[in-house]
Amino acid sequence: MIPRPPPSDPEDLDASSSPRPSFSRRRCLALLQSSTSIPNLKQIHARALRAGVPVSSPDLGKHLIFAIASLPSPLLSYADTIFGRISRPSIFTFNTMIRLHAESPSPSPALPLLPRLLSAGLSPDSHTYPFLLKACAKLLLPRHGELVHARSVRDGHNSVFVLNSLLHLYSACGQFHSAHKLFEEIPHRNLISWNTIINGFALNGRPNEALTLFREMSHRRVAPDGFTMVSLLSACGELGALVLARRLHVYLSKLGLYQNSHVGNALIDLYAKTGAIIDAEKVFHEMGSRKTRVSWTTLIVGMAVNGFGEEALKLFKAMEIAGETPTEITFVGVLYACSHCGLVEEGFEYFERMKEEFKIEPKIEHMGCMVDLLGRAGQVDRAYKFILDMPIEANAVVWRTLLGACAMQRRVDLGEAAWARLERLEPGHSGDYVLLSNLYAGQRRWADVGRIRGSMLRKGVKKTPGKTLVEIGNSVWEFVMGDRSHPESEEIYAMVEEVAGRLRKEGYTAGTTAVLADIEDEEKETALRYHSERLAIAYALMKTAPGVTIRLVKNLRVCEDCHTVTKLISRVYAREIVVRDRSRFHHFSGGRCSCRDYW
Ligand code: ZN
Ligand code: ZN
């Protein structure tokens, strides 16, 4: 924890000025310190003014600002007004204002407070810098942060707190090299330093590095706490690393951290994210009375995205019986589950209950679920009407859901309507171009496919390269489409060919709409064969024993052809294959997929 300024200093209590018997300065101070809400503070403020107590004087003003800052949801504009009225604020008051802004959703006003306090002749102290750096981290301003840090070094305040804040800044800004270098250089690293860098890497797309650092941490006999474990669990979830997840689970039980309900919830989430829904359920039940509504929600959402819609709805009913109040996220899970099971009318019933019974205003995520629900059920016209009637403006995600539904249902007219909005809302999103060109290709409208490609090239829209992660033993491997960087590349490509040969014997021919239209069919098939998940599956088939479930994480949507091929592989090779793509899970088994071929 970064130390906060002390609530008050005792000298204020002696320096009382012109108190009135009815409402003294001392009484005002006592009330400020025990205040619990903004209206309450404003009342005290008004009373003080009426009684002639100078509430904007530097000493009382600082307590008023501190009282505002200590509330769970502070009113920034109020603090700003009081701050503006204080003639000579102290460094304590400046620090409180910096903290207040740094912890708010829009922290930029924290930064100009440094030059202001300097020009007022004040010297920053050890509390000033960590919060300034926190503001820089939120604003993603690494250069500015470095200047702030240089100043702290000059002032002799380069404490481990300041260094940890700088570390957080570097990882938040994705400057992993600088973060790592700084981490190595911190002289007295504490648990917070380890947690900061591990969490920074885990949450900013470097889960592998987070796990490596954890190994180093254990090696140096630094004991992790619940915070470290939650970061690690999220890193494993990111990687879809189930073997590692199970090992961390054992480790958690040994450390006794398993009793912590945040850790329990993180475990449920992790197992759900690695597609191991049975393990997620087991943790949920083992939590017993430590279950919170977050635990229920996490499992409901987990089941829904994994394609176990009926189970998710059953669990929701159990949640109601248990007397837990659902949250807006619970309903995202419930609606998703309805959508997955094709329960259109039930979905609308839950949507209404959410509004009427639970007084939850539908958010854009819920709207997205409803559009998905209709789209999946083939009711694209109704989905389009639903979007037009929405009380809130549809965002790109909602229109993209409709475009996806149109691509599946081969509805060019509405697909084009969705595309027109997407071009305005989020131009240059490569996935949309791919969906639209697939829609045209499915209708064999090659001229339109060519037009879309041309416009992609003209606008410089690049296709995001497909990447797939696969966990083999203790390591997680990454494959990029057409990748030849793997040390066993040759064997992997030989395996891809072998798999293709075996599938051809089963009567498979490539559906080639997902590949660009102007290359020959044979080439198209080759291009498809080297999609990243094919390489990852081939590698997993080489490296794991028969019958072992293969788990993949893909950064894009699985293409239609890879979907068909994965279904076939699951049958021909008798393997369960779990794929988490950008929007959902596919559990392939015995030639079928849990998504029922709609994704
Ligand atoms: Zn593919
Ligand atoms: Zn599927």
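Enquirer: Could you give an account of the overall build of the protein, naming the residues involved and the relevant values?
Expert: Scanning the protein for helices and strands turns up 31 helices and 6 strands. The principal-axis extents of the C-alpha atoms in the protein amount to approximately 95 × 55 × 55 Å. Across the 599 residues in the protein, those meeting the buried criterion constitute 51%. Within the protein, contacts between residues separated by at least 24 positions form 64% of all contacts whose residues are at least 6 apart in sequence. Accessible surface, the protein as shown: approximately 27,600 Å² in total, 54% of it carbon and sulfur. Computed over 74 positive and 64 negative side-chain charges, the separation of the two mean positions in the protein equals 4 Å.

Enquirer: Give me the lowdown on the pattern of salt bridges, citing residues and values where you can.
Expert: Per the stated rule, a full pass over the model turns up 33 salt bridges. Ionic pairing is found between D432 and R400, a salt bridge with its closest N-O pair at 2.6 Å. Of this pair, D432 sits in helix α26 (residues 430-442) while R400 sits in helix α24 (residues 396-409), and the two are 32 residues apart along the sequence. Both residues of the pair, D432 and R400, count as buried. If you follow the salt bridges from partner to partner, you end up with E416, R445, D448 and R451 in one network.

Enquirer: I'd love a proper account of the coordination of the zinc ion (ligand 1), names of residues and values included.
Expert: Donor atoms from the polypeptide that bind the zinc ion (ligand 1) are H531 (ND1), C559 (SG) and C562 (SG), placed at 2.0 to 2.3 Å. Positions of the donor residues of the zinc ion (ligand 1), expressed as sequence spacing, correspond to H-x27-C-x2-C. Comparing C559 with C562, the two get one shared label, buried.

Enquirer: Give me the lowdown on helix α28 (residues 489-505), citing residues and values where you can.
Expert: Given a rise of 1.5 Å per residue, 17 residues ought to cover 24 Å, and the 25 Å separating the end C-alpha atoms of α28 matches this to within 8%. Among the residues of α28, those classed as buried are S489, I492, Y493, M495, V496, V499, A500 and L503. Here the buried residues of α28 occupy an arc of 155 degrees about the axis, which is enough to place them on one side. Relative to its buried face, α28 has exposed residues pointing more than 90 degrees away, namely E490 and K505. Taken from the residues just after α28, G507 is the one with a positive phi, measuring 90 degrees.

Enquirer: How would you sum up the coordination of the zinc ion (ligand 2)? Please name residues and give values.
Expert: Angles between donor atoms at a metal ideally measure 109.5 degrees for a four-coordinate tetrahedral arrangement and either 90 or 180 degrees for a six-coordinate octahedral one. At the metal site, the zinc ion (ligand 2) is ligated by H563 (NE2), H586 (ND1), C593 (SG) and C595 (SG), and these contacts range over 2.0 to 2.2 Å. Considering all 4 donor atoms around the zinc ion (ligand 2), the spread of angles at the metal, 101 to 117 degrees, places the coordination shape in the tetrahedral class. Counting residues between consecutive donors of the zinc ion (ligand 2) along the chain gives the motif H-x22-H-x6-C-x1-C. Of the two residues examined, H586 and C595, each falls in the buried class.

Enquirer: Tell me about the sheet that holds strand β3 (residues 550-554), and name the residues and values.
Expert: Strand order in this open sheet of 6 strands is β2-β1-β3-β4-β5-β6, and the pairing throughout is mixed. The outermost strands of the open sheet, each flanked by one partner alone, are β2 (475-480) and β6 (592-593). Examined bridge by bridge, strand β5 (residues 585-589) and β6 share 2 bridges and lie antiparallel to one another. If you follow F588 over to β6, its bridge partner there is C593.

Enquirer: Which residues make up the environment of G226, and what values do they have?
Expert: Its place among the elements puts G226 in helix α14 (residues 226-239). Looking at G226, the relative accessible area reads 13%, which means it is buried. Taking the C-alpha atoms as reference, G226 lies 7.5 Å from N260; in sequence the two are 34 residues apart. Those residues in contact with G226 that lie beyond four places of it in its chain are L257 and V263.

Enquirer: Explain the packing of helix α16 (residues 261-273) against helix α18 (residues 293-305) to me, using residue names and the numbers behind them.
Expert: Running from N to C, α16 and α18 point in directions that differ by 0 degrees, and their axes come no closer than 9 Å. When the axes of α16 and α18 are compared, the pair comes out roughly parallel. Seen from α16, the contacting residues are N265, I268, D269 and A272; seen from α18, they are V294, S295, T298, L299 and G302. Broken down by class, the residue content of the contact of α16 with α18 amounts to 4 nonpolar, 4 polar and 1 charged.

About the cut-offs
- Residues numbered from 1 in each chain as written.
- Chains lettered and ligands numbered in written order.
- Predicted model: local features only at pLDDT ≥ 70, side-chain atom pairs only at ≥ 80, totals over all residues.
- Heavy atoms only, no water.
- Helix = DSSP H or I, 4+ residues; strand = E, 2+ residues; numbered from the N terminus.
- Buried < 20%, exposed > 50% of the residue type's maximum accessible area, 1.4 Å probe, protein only.
- Contact = heavy atoms within 4.5 Å.
- Areas by Shrake-Rupley, 256 points an atom, 1.4 Å probe, with all protein chains shown as cover.
- Lys, Arg positive; Asp, Glu negative; His and termini not counted.
- Charge placed at Lys NZ, Arg CZ, Asp CG, Glu CD.
- Salt bridge = Lys/Arg side-chain N within 4 Å of Asp/Glu carboxyl O.
- Donors = N, O, S within 2.8 Å, 3.2 Å for Na, K, Ca; no water.
- Expected span 1.5 Å × (residues − 1).
- Arc of directions from axis to C-beta.
- Tetrahedral: all angles 85-135°; square planar, octahedral: opposite > 155°, others 65-115°.
- Pairing = 2+ DSSP bridges.
- Axes fitted to C-alpha atoms, helices over the stretch in contact; angles between N-to-C directions.
- Parallel < 35°, antiparallel > 145°, perpendicular 65-115°, else oblique.
- Nonpolar A, V, L, I, M, F, W, Y, C, P; charged D, E, K, R; others polar.

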